[in-house]
Amino acid sequence: MKSASVALAGLPLRVTLVVVAPAAPAVDAPAASSAAVTSASSDVAAGEATSGTLDAARGVSRPYLQAALLNHNWAGYVQRGRTSEVSARFVVPRLAKRPSGYASTWVGIDGYDTRYLTQVGVAEQVVGDKAAYYAWWEVLTPTSMPPMQRFSIAVRPGDSMLARVTCGGGSARMAITNLTTHRSASRTVRYSGPCGSGEWIQEAVSVDHRISPSPNWGQVRFSSVTRNRANARLRSSQSLDIMDGRGSQETRTSAPRNGNSFTVTWLRAGSWTTVR
């Protein structure tokens, strides 16, 4: 891990919306409010939290999705509406040695049109030809953006993973299972977010207030995608792709298959994008 401040997942950072079809105008994020976060159960390795902090940024705020959108750091799918559960399976990609970059594969609740977010997934990074992979969880609120926390379970390229977040009743639970090694980890926290959207995301993460170019993950396939414990019934209009600050598209998210699977394909690294 670099000593730099690394945000391994987070809100869609300073999104520049490039709308493929007309969409409703953005609205302001909700006013800040307090939210306590305390652990109720854990399989977290002691002392493994990173020293970095999330790059400060306002999440994208939209009343609804009308078209596929390009943004600076999220590729995948987002669904708005009351969400009590999201999950998906994916295989951890093997990053190419070049270009260097930081990425993450995750599922989450909230974050698209609110500054609350609860998420769990796998981080993938390659720096100086050396790659690293690990499982993590994170909870963000308008008043608290702590660093992501690592789980102790081992993760390797080619491992099949199942990630799930549940939300409601004043709490959220983030769980991840390595289906290859049969190891699991989970974390339950107090959570006062609205539970108002579900996300299945391949992310280019931020380092020292700049969004990393996407490292070459080839393809990441999300399958068995659920929302509220049923087929998510994804639609192409709910997809997102990554575009750097110079307008270069870095990813291509496929149309959904059977409403519950899709692929995010790496196109190019793009350039570092400053988060203003």
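The rules behind these values
Residues numbered from 1 in each chain as written. Predicted model: local features only at pLDDT ≥ 70, side-chain atom pairs only at ≥ 80, totals over all residues. Heavy atoms only, no water. Helix = DSSP H or I, 4+ residues; strand = E, 2+ residues; numbered from the N terminus. Buried < 20%, exposed > 50% of the residue type's maximum accessible area, 1.4 Å probe, protein only. Disulfide = S-S within 2.5 Å. Salt bridge = Lys/Arg side-chain N within 4 Å of Asp/Glu carboxyl O. Core = buried A, V, L, I, M, F, W, Y, C linked by side-chain atoms within 4.5 Å. Phe/Tyr/Trp six-rings, centres within 6.5 Å; stacked < 30°, edge-to-face > 60°. pLDDT = per-residue confidence, 0-100. Contact = heavy atoms within 4.5 Å.

Engineer: How would you explain the environment of V275 if you had to name every residue and give the values?
Structural biologist: Locating V275 in the fold gives a position in the segment after β22 (273–274). Taking relative accessible area as the criterion, V275 reaches 8% and is therefore assigned buried. Sequence separation of V275 and R210 is 65 residues, and the distance between their C-alpha atoms is 5.4 Å.

Engineer: So what's going on with the state of the cysteines? Residues and values would help.
Structural biologist: Throughout the structure, instances matching the rule amount to one disulfide. Between the sulfur of C167 and that of C195 lies a disulfide, 1.8 Å long from S to S. On the S-S bond that ties C167 to C195, the torsion sits near -60°, and the link is left-handed. In this pair, C167 is assigned in strand β11 (residues 160–168) and C195 in the loop between β13 (183–190) and β14 (197–204), connecting sequence segments 28 residues apart. Both residues of the pair, C167 and C195, belong to the buried class.

Engineer: Would you mind going over the pattern of salt bridges in detail, with residue names and values included?
Structural biologist: Taken as a whole and judged by the stated rule, the model has three salt bridges. D113 is the partner of R80 in a salt bridge, and the nearest nitrogen-oxygen pair spans 2.2 Å. You can see R80 sitting in strand β5 (residues 74–80) and its partner D113 sitting in the loop between β7 (101–110) and β8 (117–127), a full 33 residues away along the chain. For R80, a relative accessible area of 34% translates into the label partly exposed.

Engineer: Talk me through the nonpolar core; I want residue IDs and the actual numbers.
Structural biologist: Counting residues in each nonpolar core, the largest one holds 47 residues, and the members touching the most others are V120, I176 and W200. Counting residues in each nonpolar core, the second largest holds 13 residues, with Y112, A123, Y134 and L140 among its members.

Engineer: An account of the packing of aromatic side chains is needed here, citing residue identities and associated values.
Structural biologist: In this structure the tally under the stated criterion is five aromatic pairs. Measuring from ring centre to ring centre gives 4.7 Å for Y77 and F262, while their planes differ by 55°; the resulting arrangement is tilted. Here Y77 is found in strand β5, whereas its partner F262 is found in strand β21 (residues 262–266), with 185 residues between them in sequence. Taking relative accessible area as the criterion, Y77 reaches 0% and is therefore assigned buried. Note on F262: relative accessible area 2%, which makes it buried. Seen from their ring centres, F222 and F262 are 4.7 Å apart, and the 10° between their planes marks the pair as stacked.

Engineer: An account of the confidence of the model for the protein is requested, with residue identities and associated values reported.
Structural biologist: Low-pLDDT portions of the prediction should not be read for the details of their coordinates. This prediction gives the protein a mean pLDDT of 80; 75% of its residues lie at or above 70. Confidence over residues 1–8 falls short of pLDDT 50; this stretch has 35 contacts with residues more than four positions distant or in other chains. Per-residue pLDDT stays below 50 along residues 13–67; that stretch engages in 151 contacts with residues further than four places along the chain or on separate chains.

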